[in-house]
Structures are given as C-alpha cells and as structure tokens.
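Chain by chain, the residues:
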Amino acid sequence: MENRYKLTYDIKKKLITNAKFVQGSVLSAILEITLKDNGAIVPLVGENISFNFRFKDGSINRQSSLNGVTILNALSGVVECVLEGLWVPGLMKVEIFSTKAGSELPMSTFNIMI
C-alpha cells in the first residue's frame, strides 16, 4: 500500500510539514514535493533532481532519476521520489540537489521521521 506525502517546500522559508514513514517501507513510501522559492514556483525544466537521505546511523542513500526520482511537472516544480528503503528509525535529514548543465547545486534540506 502506497504511503504518499504531498508537500510544498519553500527553499527560502525552510519550512515543511512533518512527514512520518514506517521503518522498512520499500518502494511504498513516496514524497511528492512542489518546490517554491519565496512563494514562487521553481521551474525544473532542463534540470535533474536528486535526493540524499542521511540516516541517524550516518549512512546515506542517494536517489536520482536512475532510481526513483521523477519530475512529475517541470513547469509547476513538482518532483516525486519513491523511497528505496527506510531501514534506520529516527530523524532522517533529506537534501535536495539540482543538476543543470553538469553543475550540481544544493537546493534545500529538511527532516522526516522514520
């Protein structure tokens, strides 16, 4: 059963709704994020988005378009990430990166609970 969180994340305000997922969820925990910059939509045309998931134990899981990240609507700034695995309980730091023309830039960081 899918556990989807639809979130809006403003990279200037750094606020996000608390999201909680169940430990061990594999390919059923989904983050659908609309990215904004001070209230304005962040268009993702021509960009690749990736996520770093930093677990409490120090391990990192990186996901990109090769493994679970899809831009659902580039003009509206909507990206989806199907989480590969949630194996460490506790607070997890999520970092979003944007790559355009070979240059990777960190966009934002937020936390979710497992």
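Structure shown above.
Residues numbered from 1 in each chain as written. Predicted model: local features only at pLDDT ≥ 70, side-chain atom pairs only at ≥ 80, totals over all residues. Heavy atoms only, no water.

1. Describing the overall build of the protein
Helix and strand content of the protein: zero helices and nine strands. Along the protein, from the amino end to the carboxyl end, the secondary structure elements read β-β-β-β-β-β-β-β-β. Expressed as a percentage of the 114 residues in the protein, the buried residues total 43%. Sequence separation of 24 or more characterises 63% of the internal contacts of the protein that already satisfy a separation of 6 or more. Accessible area for the protein stands at about 6100 Å²; split by element, carbon and sulfur atoms hold 54% of it. (Helix = DSSP H or I, 4+ residues; strand = E, 2+ residues; numbered from the N terminus. Buried < 20%, exposed > 50% of the residue type's maximum accessible area, 1.4 Å probe, protein only. Contact = heavy atoms within 4.5 Å. Areas by Shrake-Rupley, 256 points an atom, 1.4 Å probe, with all protein chains shown as cover.)

2. So, the pattern of salt bridges
Counted by the stated rule, this structure contains three salt bridges. With a shortest N-O distance of 2.6 Å, R4 and E32 are connected by a salt bridge. Pair noted here: R4 is in strand 1 (residues 3-10) and E32 is in strand 2 (residues 29-37), with a separation of 28 residues, a long-range link. The shortest N-O distance in the salt bridge between R4 and E80 comes to 2.9 Å. Linking R4 in strand 1 with E80 in strand 7 (residues 78-82), this pair joins segments that are 76 residues apart in sequence. (Salt bridge = Lys/Arg side-chain N within 4 Å of Asp/Glu carboxyl O.)

3. Description of the pairing of strand 4 (residues 48-54)
Extensive coverage of strand 4 is indicated by the burial of five of its seven residues. For strand 4 and strand 8 (residues 91-100), the ladder comprises seven bridges, and the chain directions are antiparallel. In the sheet register, R54 faces strand 8, and the bridge partner there is K93. As defined by bridge partners, strand 4 adjoins strand 5 (residues 60-63) across four bridges and the pair is classed as antiparallel. By the bridge assignment, F53 is partnered in strand 5 with N61. (Pairing = 2+ DSSP bridges.)

4. Here we look at the side chain of E95
With respect to the helices, strands and loops of the structure, E95 is situated in strand 8. You can call E95 buried: its relative accessible area is 12%. If we skip the residues at most four places from it in the chain, E95 touches S50, F51, N52, R54, S108 and T109.

5. Description of unusual backbone geometry
One non-glycine residue, N38, adopts positive backbone phi at about 55°. Note that N38 resides in the loop between strand 2 and strand 3 (40-41).

6. Overview of the sheet that holds strand 8
Ordered in space as 5-4-8-9, the four strands form an open sheet in which the pairing is antiparallel. Of all the strands in the sheet, just strand 5 and strand 9 (103-113) have a single pairing partner and so form its edges. Going from strand to strand, the sheet's axes swing by 20° on average, the running direction of each strand aside. Taken together, the ten bridges between strand 8 and strand 9 define a ladder with antiparallel strand orientation. Residue V94 lies in a different strand from strand 9, and its bridge partner there is F110. (Axes fitted to C-alpha atoms, helices over the stretch in contact; angles between N-to-C directions.)

Spatial relationships are all this shows, so hold off on functional conclusions.
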